[in-house]
Structure formats: structure tokens, C-alpha cells
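Inside the fold
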Amino acid sequence: MSDLTLKKENRIEQINLLRSSVLDRSILPQLQKRMDEAEKAKRDRFTDFNDIEMLQWYLYRKEHLNQEHEKASGTIKEYEKELSLFVEQLLTYAPEIDIDIEEFEEDSLFRSLSPRHIRRYQEWLAERSPHVKNRGFYSAATLARKTTVLKNFLLYMYEVKYITEPLHTGLYKATVKTDDRPNRDLGAFEVIQLLDYYRSNNHPIMFAIIHVLTTTGLRNEEFCRLKVRDLKYDSINNSYYLNVLGKGNKRRQVPLREKTLNSIKMFRYARGLDKIEVAAGNEPLFSTNSTKAYSPSYLAQYVAKQIKKTKQAFVINHPSTLSPHIFRHAFSIISYKSGVQPYELMKSLGHEKIETTVIYLQKVLEKEEHAIHKWTSEVFGDYI
């Protein structure tokens, strides 16, 4: 990001340069060679990098010998979006944010910033940014996610000595309390209502999507990523399972009940797709009406839109948009109510930490552990 200034006449050019360059992964071998040469000459590895090259390296660098352990494409896209937006906003709204920089050091925005600028940016983002003015305040969860992405990047630049100021120390903490989390709870009763609705209204696509998501607990991205070859037969148990690629490129095997398998077949028949037995292995297992794989964003929009059309009472009154992730929560709740312990559920969901799984069950556990359930008629007579 050479020759950057905050002058108004240069901002559009700078932002266009950022957008056109930051997604270019082809430069990585060149950046690696430059780092090696700097190291050989006993200089800091990132001495000759500019800001865009630093962004490119941070986003796309190879960290693991085994490719399967690299960051998932969805994670990289999220970081691309958030970090590009961060730079664009600094350039576009510098006076509003109060970025009091006269001249950039070494033609670098990042090297010119101080912790106070990061603090002011975070305050502006949460209180006065265009999103706040036009659409309302960010949720606590969204602010926490944005803060995490930014902190990780700023900390990395400091650790590798691209910047000398510990910019990450300017960030406020943005933790998410239990009460801040959106209510994503659906139980078996509500899911059955939706399945009954789609069955009676002859909508095999939505029926199958909800049925598969609820009985597998798949993430939105995992569902969209499935190929025909990921549907496997288990000869030992005489049943089928999905070979799912999850977060961190980790695989897990998700067993299918017979009726779930039937829903998959019904979906493919309704879409006019080849039967599983003769379909090409690299074909999407689920596809749009144009035979292309769903993207996570399109699937989320499609599911939310279709469910809203049902006008079910619990849909109208639900505080959250009923996206595919809702049914992962439903899988968790139905499993727990069926006697599955949180540790077993953690493995089934593909979670790394039991704390994440407990979040899915938080409201159920609060109700079950309430003191009223310990009351007896011996103490309070006929009034309980």
C-alpha cells in the first residue's frame, strides 16, 4: 500500500488498489523469496513489505505442512472481508475517527498508527459508523467477532516486527455474555411443525434441508460443501454416513438414519439430479435449481425466506431469523433431551471445547436446573 495518504482526492484510488490487490494469492512465492533474502542478509523478514503485501501474507501464508490443517476457506474469506473493511474505513472516515496523522511513516498506514487510533476506530465503529446510523447498533456477538479478527492481525504484525507499536493494546475487550447471544432455540415440537407443513404443502426441498440439518447437526458450510462421494456406506453397521469436512479442515463421520437418507434421495429426485448410485462423485450432494452447490450465504437467505412464508406462530414470534444454524441448535437440544451427555454431543457437533457445546444448551440447562424443580408436595402441599 505504497504512497498512502489520507487526502480526500487519493482515497478512492487507494481503496481501489486495496480491493484489486488484497485477493491476489499469486504473489505469495514472490513474498516468500523476498523474506528469505532478507533473512539471509540478517535483516527483519518484512522490511521490504508494504501494507497490502502484509495483508496478503497474513491471509494466505502457509502454516502447516499438511494442507488439511490450514485455515478453512470460509475463515479466510471472513478475515479478507473484515480486514479490507478496516483499512477502507480508516481511509474513508479518517476525520470522523480522528486519525490525527500528518504524514505516514515509510508510506505505511499500519506503521503510522498508534494504540489511540485503534481505540478511536473501535469506538467509532460501535457508536457512529454508517452501519450504526443506517441499520442500528451491531450485536455484541458481531462486535466480538470483529474485535477478534482485528486483534489477531494487529498482534501478528507486532510479533513479526512489521510494526513497532503494540496496536492491539488499544482495543477494548468485546466479550459476549450469555444474555447477549441471540435466542436460537428450537425444540422437536417446532421442527416437527415445519416438517409437517412442508410435507403437506408438497415442498420436498425445504423438507429435506430441515430434516437433514436437524438429524445431523451439520453447520451451514458443511452442508453446502458436501459432495456425492461424501455419502458413504458402512458395511459393518449396514448403514450410511456422511464424511464431513468441518472447521479447521477436520473430518468427522456423521451417521444417517434411514429416513434422513430417504430425504436426501427425495431432494435429489425433486431437483432432477442423478441417483446416488450413478452420480459423479464430485457432484454437489445438494444443489440449487441450477445444479450448482449452495453457497452458505444463499442457503441461509433461502431457508430464512421460505420459513418466514409459513407464517407459523412460533416463526412470527421468534426473536431470531430462522437460519440453517437454528437446526444445529435443535439437534443439540433434541439430543440432550434424549439423554445424550454434553461430552458426547461435543464430539457429534465437531466442537473443540465443551464450553462451546454448553452454550448451545445454556437456556435448556438454566430451566432444568431451576430451584422450583426441587420442590415437593410435602413442603408446599397441593399448590405445586
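Residues numbered from 1 in each chain as written. Predicted model: local features only at pLDDT ≥ 70, side-chain atom pairs only at ≥ 80, totals over all residues. Heavy atoms only, no water.

A few words now on the packing of aromatic side chains. Considering all chains together, one arrives at 16 aromatic pairs under this definition. Ring centres 5.1 Å apart and planes at 35° place the aromatic pair Tyr93 and Trp124 in the tilted group. Of the two residues, Tyr93 sits in the loop between helix 4 (73-92) and helix 5 (94-97) while Trp124 sits in helix 7 (residues 115-127), which places them 31 residues apart along the sequence. Summarising the aromatic geometry, the rings of Phe110 and Phe153 are spaced 5.5 Å apart at their centres and angled 75° between planes, so their arrangement reads as edge-to-face. Taken together, the residues span a long stretch of sequence, with Phe110 in helix 6 (residues 109-112) and Phe153 in helix 9 (residues 140-159) at a distance of 43 residues. The same class applies to Phe110 and to Phe153, which are both buried. An aromatic cluster is built from Tyr58, Tyr79, Phe110, Phe153 and Tyr156, whose rings are joined through pairwise contacts. (Phe/Tyr/Trp six-rings, centres within 6.5 Å; stacked < 30°, edge-to-face > 60°. Helix = DSSP H or I, 4+ residues; strand = E, 2+ residues; numbered from the N terminus. Buried < 20%, exposed > 50% of the residue type's maximum accessible area, 1.4 Å probe, protein only.)

This next bit is on the pairing of strand 1 (residues 231-234). Bridge analysis of strand 1 against strand 2 (residues 239-245) gives four bridges, and the strand direction is antiparallel. The partner of Tyr233 across the bridge, within strand 2, is Tyr240. The antiparallel hairpin formed by strand 1 and strand 2 contains four residues in its connecting segment, where Asn238 sits at a positive phi of about 50°. (Pairing = 2+ DSSP bridges.)

Turning to the confidence of the model for the chain, a few remarks are in order. Any segment with low pLDDT has predicted coordinates that should not be analysed in fine detail. For the chain, the mean per-residue pLDDT works out to 86, and 89% of the residues sit at or above 70. The low-confidence segment residues 1-8, where pLDDT is below 50, has 25 contacts with residues more than four positions distant or belonging to other chains. (pLDDT = per-residue confidence, 0-100. Contact = heavy atoms within 4.5 Å.)

This part takes up the environment of Gly74. Among the secondary structure elements, Gly74 is positioned in helix 4. Once the C-alpha coordinates of Gly74 and Pro296 are considered, the two residues, 222 residues apart in sequence, prove to be 9.2 Å apart.

Packed helix pairs are characterised by how far apart their axes lie and by the angle those axes make with each other. Put simply, helix 10 (residues 188-200) and helix 14 (residues 296-310) touch, their axes get as near as 11 Å, and they point 85° apart. The angle between helix 10 and helix 14 falls in the class roughly perpendicular. In this structure, helix 10 contributes Leu194, Tyr197 and Tyr198 to the contact, and helix 14 contributes Gln306, Ile307, Lys309 and Thr310. Classifying every residue of the contact of helix 10 with helix 14 gives four nonpolar, two polar and one charged. (Axes fitted to C-alpha atoms, helices over the stretch in contact; angles between N-to-C directions. Parallel < 35°, antiparallel > 145°, perpendicular 65-115°, else oblique. Nonpolar A, V, L, I, M, F, W, Y, C, P; charged D, E, K, R; others polar.)

Before going further, it helps to spend a moment on the sheet that holds strand 2. Pairing in this open sheet of three strands is antiparallel, and the strands run 1-2-3 from one edge to the other. Each end of this open sheet is capped by a strand with a single partner; those strands are strand 1 and strand 3 (251-256). When the angles between neighbouring strand axes are averaged without regard to direction, this sheet yields 35°. Bridge count for strand 2 against strand 3 is six bridges, and the pairing is antiparallel. Bridging across to strand 3, Leu245 finds its partner in Arg251.

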